[in-house]
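Structural features, examined
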Amino acid sequence: MTNLICPNRMNAHSDGKVCDCSHKSVQETKTLLTGVLDDCFCDVESIDAFNNYKIFPKLQKLQERDYFRYYKVNLKRPCPFWVDDGHCSIKDCHVEPCPESKIPVGIKAGNYNKYSAEANGKEDIEACEQANKLGAVNITLSNQSKEAFIDWARYDDAQDHFCELDDERSPDAQYVDLLLNPERYTGYKGSSAWRVWNSIYEENCFKPRSVYRPLNPLAPNIGLCLEKRVFYRLISGLHASINLHLSAKYLLEDNWLNPRWGPNPKEFTQRFHPAHTKGEGPRRLKNLYFLYLIELRALSKVASYFDRSIVDLYTGNLEEDVETKNLLLDIFKDMQSFPMHFDEKSMFAGNKKEAKTLKEEFRLHFKNISRIMDCVGCDKCRLWGKLQTQGLGTALKILFSEKEIQNLPDNSPSKGFQLTRQEIVALINAFARCVKHLIMTNCC
């Protein structure tokens, strides 16, 4: 396996190693994580090298930028499927919302995807007025502009939204500083957590009939078409990503004043070792690589959306906004250089009527999974579950909006394809989770 540089050797903000390499069961699991991935022409080793040297260092810096660190989320939405009976076992379930005074003025003004570079250097009220004239997605829009945005939202929701989006105008929606509320083990488990994953796998996922229990990733099965295999593998990869991070950032010592977090080899073994997972553990990790490929492909395809002169990642700080956009475009160039992208054109091909029906089924299944995130009983788990699900949903929206992206005008918004700031932040941070988690699988 490729000898990778560990995050802690790159002077980056790392979540640490997964485990001690001397742990035999961990080594046994990792030796099986190699070779070509199913349903694509890419191998684990090539992804590792590309991710470690090309993507990880730059993406770490991008996450720390103000535009990408503040995420607006509603953690009080009721579960639409059952009465939520989950509660955390430790205080670290709590999510600390960001004080209004800490939010950059451009973000607070509601400029999710700011148009017009000239507006960046002006006072906030002038920026909002300019945004209104140009049709920016803004909560201070005129009535006429609001109606236009509603039309866009209806179009998008009918055509390509894969997620149930939070209403950012809700009084329960709050900004969260993602850097101050990191994903890690919270003690949330038991019947409540099991019910969430059971509902995802058993009621909302495509799977072969031989797979009865949740938490059991899909083995290659000729009984499922490519689209349904892809769907299942994405959910499995998302689940593996979450479990891997919980194993790497486990509460080792519950000291109230100074809790100690770190890798838990036993937890990793229980979740991924073949002997504890009926041989499925390494495949679960491979599905994480597959998730990475899908999100990587989406980001490379959406580069032209951000490359337009009218799109600014607006926070109100002109210098930082320019640097942030330049860094993002630089990362996009690296992503586009990857030679073994997943070919989404192989999906939903053939009979047009059948493909359309299957795509809609695919979309509605995933949208329902995004709604299940409101049933997670731990606030911190809910935060990161919603963010990562929305990030993947945004990636799917991008992959299946190729024509709309290709036809984007350079100097005006497009009714055919839009991304809100909420979607952009979720997309980047969700992919950053995959980036970091792949390194965790190889770092010792």
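Each value, and the rule that gives it
Residues numbered from 1 in each chain as written. Predicted model: local features only at pLDDT ≥ 70, side-chain atom pairs only at ≥ 80, totals over all residues. Heavy atoms only, no water. Helix = DSSP H or I, 4+ residues; strand = E, 2+ residues; numbered from the N terminus. Buried < 20%, exposed > 50% of the residue type's maximum accessible area, 1.4 Å probe, protein only. Contact = heavy atoms within 4.5 Å. Areas by Shrake-Rupley, 256 points an atom, 1.4 Å probe, with all protein chains shown as cover. Axes fitted to C-alpha atoms, helices over the stretch in contact; angles between N-to-C directions. Parallel < 35°, antiparallel > 145°, perpendicular 65-115°, else oblique. Nonpolar A, V, L, I, M, F, W, Y, C, P; charged D, E, K, R; others polar. UniProt positions renumbered as here; feature names shortened; annotations may be inferred. Polar contact = N/O pair within 3.5 Å; in protein donor to acceptor, adjacent residues only side chain to side chain. pLDDT = per-residue confidence, 0-100. Salt bridge = Lys/Arg side-chain N within 4 Å of Asp/Glu carboxyl O. Pairing = 2+ DSSP bridges.

**Focus on the overall build of the chain**
The helix and strand inventory of the chain stands at 16 helices and six strands. For the chain, with 444 residues in total, the buried portion stands at 59%. Once local pairs closer than 6 in sequence are excluded, the contacts in the chain between residues at least 24 apart make up 80%. Counting only carbon and sulfur atoms, one obtains 50% of the accessible surface of the chain, whose full area is about 19,200 Å².

**Side note on the packing of helix H7 (residues 191-204) against helix H8 (residues 226-248)**
The axes of two packed helices give the description: the angle between them and the distance between them. Between H7 and H8, whose axes approach to 11 Å, the crossing angle comes to 170 degrees. In terms of orientation, H7 lies roughly antiparallel with respect to H8. From H7, Trp197, Ile200, Tyr201 and Asn204 reach across to H8, where they touch Phe231, Tyr232, Ile235, Ser236, His239 and Ile242. Classifying every residue of the contact of H7 with H8 gives seven nonpolar, three polar and no charged.

**Some details on the UniProt feature "binding site: FAD" (unreviewed entry) in the chain**
According to UniProt, the feature "binding site: FAD" (unreviewed entry) maps to Arg184, Thr186, Trp197, Ser236, His239 and Arg271 in the numbering used here. Structurally, Thr186 is set in the loop between strand S3 (173-177) and H7. Examined against the element boundaries, Arg271 turns out to sit in helix H9 (residues 265-272). For Arg271, the residues in contact, after removing those within four places along its chain, are Asn243, Ser247, Thr277 and Arg284. Here the side chain of Arg271 touches Asn243 through a polar contact of 2.5 Å, side chain to side chain.

**Structural notes on the UniProt feature "active site" (unreviewed entry) in the chain**
Taking the numbering used here, the UniProt-annotated feature "active site" (unreviewed entry) corresponds to Cys378 and Cys381. Counting through the fold element by element, Cys378 comes out in the loop between helix H13 (352-372) and helix H14 (379-399). Summarising the element assignment, Cys381 is placed in helix H14. A relative accessible area of 24% means that Cys381 is categorised as partly exposed. In this structure Cys381 touches Thr186, Tyr188 and Val376, once residues within four positions along its chain are discounted.

**Considerations on the environment of Leu252**
Its place among the elements puts Leu252 in strand S4 (residues 250-253). Through-space distance from the C-alpha of Leu252 to that of Asn264 is 7.7 Å; in sequence the pair is twelve residues apart. Setting aside anything within four residues of it in sequence, one finds Leu252 in contact with Arg260, Trp261, Gly262 and Pro263.

**A look at the confidence of the model for the chain**
Mean pLDDT over the chain stands at 80; residues scoring 70 or higher make up 77%. The low-confidence segment residues 1-21, where pLDDT is below 50, has 61 contacts with residues more than four positions distant or belonging to other chains. Note that pLDDT drops below 50 for residues 111-149; the model gives that stretch 78 contacts with residues more than four away or on any other chain.

**Observations concerning the environment of Arg233**
Inspection of the secondary structure assignment puts Arg233 in helix H8. Residues Arg233 and Leu288 lie 55 residues apart in sequence; the distance between their C-alpha atoms is 8.1 Å.

**Section: the pattern of salt bridges**
Scanning the model with the defined rule gives 23 salt bridges in all. The closest approach of N and O atoms between Arg69 and Asp177, which form a salt bridge, is 2.5 Å. Of this pair, Arg69 sits in helix H3 (residues 66-69) while Asp177 is found in strand S3, placing the two residues 108 residues apart along the sequence. Overall, Arg69 belongs to the buried group, its relative accessible area being 18%. Where Asp166 meets Arg77, a salt bridge forms, and the shortest distance between an N and an O atom there is 2.9 Å. With Asp166 in the loop between helix H6 (143-159) and S3 and Arg77 in the loop between strand S1 (70-74) and helix H4 (105-108), this residue pair connects regions lying 89 residues apart in the sequence.

**Quick notes on the side chain of Thr186**
A residue is classified by how much of its surface remains accessible, and Thr186, at 2% relative accessible area, is buried. Of note is the side chain of Thr186, whose polar atom sits 3.3 Å from the backbone nitrogen of Tyr188.

**Quick look at the pairing of S1**
Along any regular strand, the residues point their side chains to alternate faces of the sheet. Taken across its five residues, S1 has five buried, putting it largely inside the fold. The alternating pattern of S1 places Tyr70, Lys72 and Asn74 and Tyr71 and Val73 on opposite faces, both of which are buried. Pairing geometry for S1 and S3, over five bridges, is antiparallel. When the bridges of S3 are listed, Tyr71 appears paired with Val176.

**Re unusual backbone geometry**
Positive phi values are uncommon outside glycine, yet Asp39 reaches one of about 65 degrees. Note that Asp39 resides in the loop between helix H1 (24-31) and helix H2 (44-63). Classification of Asp39 as partly exposed rests on a relative accessible area of 27%. Notably, Phe348 is not glycine yet its phi reads approximately 55 degrees, a positive angle. Its location among the elements puts Phe348 in the loop between helix H12 (318-336) and H13. When its relative accessible area of 15% is taken as the criterion, Phe348 is described as buried.

**Comments concerning the packing of H14 against helix H16 (residues 421-440)**
Interaxial distance between H14 and H16 falls to 7 Å at its minimum, and their mutual angle equals 105 degrees. One way to sum up the angle between H14 and H16 is to call them roughly perpendicular. Across from Trp384, Leu387, Gln388, Gln390, Gly391, Thr394, Ala395, Lys397 and Ile398 in H14, the residues of H16 making contact are Gln422, Glu423, Ala426, Leu427, Asn429, Ala430 and Arg433. Residues that form the contact of H14 with H16 fall into these classes: seven nonpolar, six polar and three charged.

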